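Summary of structural features
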Amino acid sequence: MTAPQPLIAGNWKMNGLGPSLVEARAVAAGLQATMARVAICPPATLIHRMAEALAGTPLLIGGQDNHWDDAGAFTGDLSAAMLADAGASLVILGHSERRAGYRETDEVVAAKVRAALRAGLEPIVCVGETLEQRKAGDALAVVTGQVRGSLPAELAGGAFSVAYEPVWAIGTGLTPTTIEIEEVHRAIRATLVEMFGEAGKAVAILYGGSVKPSNAAEILHADEVGGALVGGASLKAEDFLGIIRGL
Ligand code: PGA
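Now for a quick tour of the structure. All figures in this text were calculated on a predicted structure; none of them were measured in a lab.

**Observations regarding the pairing of strand β7 (residues 204-208)**
- The buried fraction of β7 is high, at 5 of 5 residues.
- Of the strand pairs in this sheet, strand β6 (residues 161-164) and β7 are connected by 4 bridges, and their pairing is parallel. Each bridged residue has a counterpart across the sheet, and for Ala-163 the counterpart in β7 is Leu-206.
- In this region the chain leaves β6, passes through helix α8 (residues 178-196) and returns to the parallel neighbour β7; the handedness of that crossover is right-handed.
- Direction of pairing for β7 relative to strand β8 (residues 227-230): parallel, over a ladder of 2 bridges. Of the residues in β8, the one forming a bridge with Gly-208 is Leu-229.
- For the handedness criterion, the β-α-β arrangement of β7, helix α9 (residues 213-220) and β8 is classed as right-handed.

What follows is the structure, encoded as structure tokens:
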């Protein structure tokens, strides 16, 4: 089984209007052929325009969430097929801002993952403990529990990644030590192998939470780290490229 191909994905969250496409174009222009797969997940309103702006470049586009159903009376929601139709090939699911802010449980996340697969999207499934859970010594149990609960059996044989994002490291400037990151990533790997057998070894496990150009190289070279999910530092091409170059 070959090592997973690294993935570096930028999560723009609720940021970005038309003029921000300039940043995406600059990222595409700065990518070199041999690097990891690189994606930007803009707000859904920009997916189509970004797909047009990036046509012919290797930069991938992702959504930030999708509904668990394929269509219907869900005012304000977007289906996975809509994201794919607009030009996305990946989707972030189970981000802690959705788990905490919209009460998404592991069951909901798993249903959304199934919907993404039906639409041909590659899920990036997020897991991570809160500071209270870490202080209580529960980080590994929480994270591996989320992996078990959020990854449906339908993922077997398909392309997906898991992003470990400690909630206390998101947008705070705080990061776990490399040893702490490796401990969690190894536990996630063991869980993936338990769930998916040999194929679990080929799943990229991304780290997310305050990744920036100055800490990217150390994090990206840690054991079992197969890429990064980047929030704030993905909004500016120069910073995002600085992280990508850390590989
Ligand atoms: P951050 O966000 O890089 O701004 O900490 C990461 C994320 O939420 O994916």
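**Description of the packing of aromatic side chains**
- If you walk through the whole model with that rule in mind, you get 2 aromatic pairs.
- Here the aromatic rings of Tyr-164 and Tyr-207 are separated by 6.2 Å at their centres, their planes lie at 65°, and the arrangement is edge-to-face. Of the two residues, Tyr-164 sits in strand β6 while Tyr-207 sits in strand β7, which places them 43 residues apart along the sequence.
- Accessibility expressed as a relative area gives 0% for Tyr-164, which makes it buried.

**Description of the packing of α9 against helix α10 (residues 237-244)**
- With their axes 8 Å apart at the nearest point, α9 and α10 run at an angle of 25° to one another. Judged on the interaxial angle alone, α10 and α9 are roughly parallel. Between α9 and α10 lies a crossing of right-handed hand. Across the interface between the two elements, Pro-213, Ala-216 and Leu-220 of α9 pack against Asp-239, Gly-242 and Ile-243 of α10.
- Considering only residue class, the contact of α9 with α10 consists of 4 nonpolar, 1 polar and 1 charged.

**Quick look at the layout of surface pockets**
- Looking at the largest pocket, its volume works out to about 580 Å³.
- Lining the largest pocket are 22 residues, and of these Lys-13, Met-14, Gln-64, Asp-65 and Arg-98 sit closest to its centre.
- Every element with two or more residues in the lining of the largest pocket is listed here: α2 (44-53) and α4 (96-101).
- Examining the composition of the lining of the largest pocket, we find that 3 residues originate from one element, α2, more than from any other.
- Across the lining of the largest pocket, the residue classes tally to 9 nonpolar, 8 polar and 5 charged.

**A closer look at the pairing of β6**
- Burial along β6 is two-sided: the residues Ser-161 and Ala-163 and Val-162 and Tyr-164 are all buried.
- Two strands pair when backbone bridges link them, and strand β5 (residues 122-127) and β6 are joined in this way by 4 bridges, in the parallel orientation. The residue of β6 that forms the bridge with Cys-126 is Ala-163.

**Section: helix α5 (residues 106-118)**
- A rise of 1.5 Å per residue sets the reference length of α5, with its 13 residues, at 18 Å; its end C-alpha atoms lie 18 Å apart and thus fit the reference within 8%.
- Looking at α5, one finds that the buried residues are Asp-106, Val-109, Ala-110, Lys-112, Val-113, Ala-115 and Ala-116.
- Next to the buried residues of α5 lie α3 (80-86), β4 (90-93), α4, β5 and α7 (139-150).
- Of the residues trailing α5, Gly-120 is marked for its positive phi of about 80°.

**Here's the deal with the nonpolar core**
- Core analysis: the largest hydrophobic core is formed by 60 residues, its most contacted members being Leu-151, Val-162, Ile-188, Leu-192 and Ile-244.
- In terms of nonpolar packing, the next biggest core, distinct from the first, is built from 12 residues, Ala-39, Ile-124, Cys-126 and Ala-204 among them.

**Points about the pattern of salt bridges**
- Per the stated rule, a full pass over the model turns up 17 salt bridges.
- Among the ionic pairs, Glu-104 bridges to Arg-98, the shortest N-O distance being 2.9 Å.
- With relative accessibility at 21%, the residue Arg-98 sits in the partly exposed group.
- The closest approach of N and O atoms between Glu-182 and Arg-186, which form a salt bridge, is 3.7 Å.

Quick notes on the rules
Residues numbered from 1 in each chain as written. Predicted model: local features only at pLDDT ≥ 70, side-chain atom pairs only at ≥ 80, totals over all residues. Heavy atoms only, no water. Buried < 20%, exposed > 50% of the residue type's maximum accessible area, 1.4 Å probe, protein only. Helix = DSSP H or I, 4+ residues; strand = E, 2+ residues; numbered from the N terminus. Pairing = 2+ DSSP bridges. Right-handed = clockwise from strand over helix to strand, strands pointing away. Phe/Tyr/Trp six-rings, centres within 6.5 Å; stacked < 30°, edge-to-face > 60°. Axes fitted to C-alpha atoms, helices over the stretch in contact; angles between N-to-C directions. Parallel < 35°, antiparallel > 145°, perpendicular 65-115°, else oblique. Left-handed = near helix turned anticlockwise from the far one by under 90°. Contact = heavy atoms within 4.5 Å. Nonpolar A, V, L, I, M, F, W, Y, C, P; charged D, E, K, R; others polar. 1 Å grid on protein atoms, 1.4 Å probe; cavity = no way out; pocket = protein on both sides within 12 Å on 5 of 7 lines; lining within 4 Å. Points joined across faces, edges and corners; volume = space filled by probe spheres on them. Expected span 1.5 Å × (residues − 1). Core = buried A, V, L, I, M, F, W, Y, C linked by side-chain atoms within 4.5 Å. Salt bridge = Lys/Arg side-chain N within 4 Å of Asp/Glu carboxyl O.

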